[in-house]
Amino acid sequence: MADWKSLPDTLDPDVRNLVEQLRRYKDRSGLSLAALAERTLHSKSSWERYLNGKALPPRQAVESLGRAVDADSARLAALWELAERAWSGREAPGRRAPADSPASTVATPPEAMSPEATPPEATPPVGRAPARRTLLTAASILAVLALGAAAVWWWGPDDEARPLSASPSHSAAGELYTHCFQESCAGKDPKEMGCAGDAWTSALTRFHGVYVELRYSDSCKAAWSRISWGHPGDIAKVVAAEHASYQDKVHYDTDIYSPMVASATPSEARACTVLTSGAHDCTKPGGSAHLTEAPEPPASDTPPGTVRTHA
């Protein structure tokens, strides 16, 4: 059982409920934060923030944790919907400016918005806790009600903690299940295709404080780029030997990974980054050595969601 820090007293009950559930699933699985990062493609530092209530985990992170620990991702998604409504409705930096203050200069990321979010004119004044929202879809209500039954199954006496090698993409015998191979992986998400199950870092560089990794899957014969310590707008880009490339950008966190390119060997691909300043750099072509992943970033007082500029 991890020695968790107490969650902030100001954390909304719906957000607190989500974080506590994620902590329980993580502890029950026996996965370390580093192992969880490997299985979800969200960095160790990101999970430290998510599981300590410093930032709301993206829906993709919640669902990928559910898959990594063999929990019901649909039920976790229902909890995330409640938490996201509560999080986006409060006066948090990078989420929404108070109604009685100038408009925030930080853009709200599209994925952080909810169709049922409180209109700006209904935002409570600074210092007043927002009212709990009770409007739910019928599907969300049923999913939340079913969570209790799921917890009984997960925490039941016959349940055993999964070893670190266990994952929905592995069989009982340890065989990795993937859904693409080489050319059919091009442009696909490595986690969704099961390629992250045996992924390793083949090349690594640091550029203007941002770590750039070339990730490679031997089972899928595919590679992708992952950046850490980035800022919203920074791009992770993977380039294949034949110049095919795919990319994605950091939305409101510090790390992101790109879709895949076909790569018979790591040496046929490079990982690149394009920073918001316009500066860009790439790793060397991948090598055969399994390199250590990017380290955890230092503690920062910068509020989650705040867009930072480069020095």
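Residues numbered from 1 in each chain as written. Predicted model: local features only at pLDDT ≥ 70, side-chain atom pairs only at ≥ 80, totals over all residues. Heavy atoms only, no water.

Student: Got a minute to help me understand the environment of Gly233 in this structure?
Tutor: Within the secondary structure, Gly233 sits in the loop between β3 (222–228) and β4 (235–240). Relative accessible area serves as the criterion here: at 26%, Gly233 is assigned to the partly exposed category. Spatially, the C-alpha atom of Gly233 lies 5.7 Å from that of Thr276, the residues being 43 residues apart in sequence. (Helix = DSSP H or I, 4+ residues; strand = E, 2+ residues; numbered from the N terminus. Buried < 20%, exposed > 50% of the residue type's maximum accessible area, 1.4 Å probe, protein only.)

Student: Mind showing me how you'd approach the pairing of strand β8 (residues 269–274) here?
Tutor: Along any regular strand the residues' side chains alternate between the sheet's two faces. In the sheet, β4 pairs with β8 via six bridges, with the strands oriented antiparallel. The partner of Val239 across the bridge, within β8, is Arg270. Sheet topology note: the β8/strand β9 (residues 280–282) ladder contains three bridges and is antiparallel. Looking at the pairing, Cys272 lines up with Cys282 of β9. Between β8 and β9, which pair antiparallel one after the other, the connecting turn spans five residues, and Gly278 there sits at a positive phi close to 100 degrees. (Pairing = 2+ DSSP bridges.)

Student: I tried to follow the packing of helix α2 (residues 33–40) against helix α4 (residues 59–68) on my own but got confused; where do I start?
Tutor: A pair of packed helices is captured by two measures, namely the crossing angle of their axes and the spacing between those axes. It is at 9 Å that the axes of α2 and α4 come closest, and there the two elements cross at 105 degrees. Classified by the angle their axes make, α2 and α4 are roughly perpendicular. Contacts between α2 and α4 involve Leu36, Arg39 and Thr40 on the former and, on the latter, Ser64, Leu65 and Ala68. When its residues are assigned to classes, the contact of α2 with α4 shows three nonpolar, two polar and one charged. (Axes fitted to C-alpha atoms, helices over the stretch in contact; angles between N-to-C directions. Parallel < 35°, antiparallel > 145°, perpendicular 65-115°, else oblique. Contact = heavy atoms within 4.5 Å. Nonpolar A, V, L, I, M, F, W, Y, C, P; charged D, E, K, R; others polar.)

Student: Just to check I follow, could you spell out the nonpolar core for this structure?
Tutor: Grouped together as the largest cluster of nonpolar side chains are 27 residues, with contacts concentrated most on Val15, Leu18, Leu22, Trp47 and Leu65. Of all elements in the fold, only α1 (13–29), α2, α3 (44–50), α4 and α5 (73–88) reach the threshold of two or more residues within this core. Not counting chain neighbours up to four residues away, the residues in contact with Val15 comprise Ala83, Ala86 and Trp87. (Core = buried A, V, L, I, M, F, W, Y, C linked by side-chain atoms within 4.5 Å.)

Student: Would you explain the side chain of Ser263 in this entry?
Tutor: Its location among the elements puts Ser263 in the loop between β7 (261–262) and β8. Setting aside residues no more than four positions away along its own chain, Ser263 makes contact with Gln182, Tyr216, Lys221, Ala222, Ala223, Glu268 and Ala269.

Student: Help me out: how do you make sense of the packing of aromatic side chains in this one?
Tutor: Any two aromatic rings considered together are summarised by their centre-to-centre distance and by the angle between their planes. Taken as a whole and judged by the stated rule, the model has three aromatic pairs. Relative to Tyr216, the ring of Trp200 has its centre 5.9 Å away and its plane inclined at 75 degrees; by these criteria the two rings are edge-to-face. Residue Trp200 is found in strand β1 (residues 200–207), and its partner Tyr216 is found in strand β2 (residues 210–217); the two are separated by 16 residues along the sequence. We classify Trp200 as buried; its relative accessible area is 7%. Ring geometry for Tyr211 and Trp229: centres 5.1 Å apart, planes at 70 degrees, overall edge-to-face. Of this pair, Tyr211 sits in strand β2 while Trp229 sits in the loop between β3 and β4, placing them 18 residues apart in sequence. You can call Tyr211 buried: its relative accessible area is 12%. (Phe/Tyr/Trp six-rings, centres within 6.5 Å; stacked < 30°, edge-to-face > 60°.)

Student: Could you clarify how one ought to interpret the state of the cysteines in this entry?
Tutor: A disulfide bridge is the covalent bond that connects two cysteines by way of their sulfur atoms. Inspection of every chain in the model, using the stated rule, returns three disulfides. Residue pairing for Cys195: its cysteine sulfur links by disulfide to Cys220, the two sulfurs lying 2.1 Å apart. The sign of the -95 degrees torsion about the S-S bond sets the Cys195-Cys220 disulfide as left-handed. Residue Cys195 is located in the loop between α6 (138–155) and β1, and its partner Cys220 is located in the loop between β2 and β3; the two are separated by 25 residues in the primary sequence. Like Cys220, Cys195 is buried. At a sulfur-sulfur separation of 2.0 Å, the disulfide partner of Cys272 is Cys282. With the S-S bond torsion at 100 degrees, the cross-link from Cys272 to Cys282 turns out right-handed. Of this pair, Cys272 sits in strand β8 while Cys282 sits in strand β9; the two residues are 10 residues apart in sequence, bridging distant segments of the chain. In the protein chain, numbering the disulfide-bonded cysteines from first to last in sequence yields the connectivity 1-2, 3-4, 5-6. (Disulfide = S-S within 2.5 Å.)

Student: What is the right way to read α1 from this model?
Tutor: What sets the pattern is the α-helix's 3.6 residues per turn: residues three or four places apart point alike. Taking 1.5 Å of rise per residue, 17 residues should cover 24 Å, and α1 covers 24 Å from first to last C-alpha, within 8% of that figure. Looking at α1, one finds that the buried residues are Asp14, Val15, Leu18, Val19, Gln21, Leu22, Arg23, Tyr25, Lys26, Asp27 and Ser29. Directly after α1, the chain includes Gly30, whose backbone phi takes a positive value near 80 degrees. (Expected span 1.5 Å × (residues − 1).)

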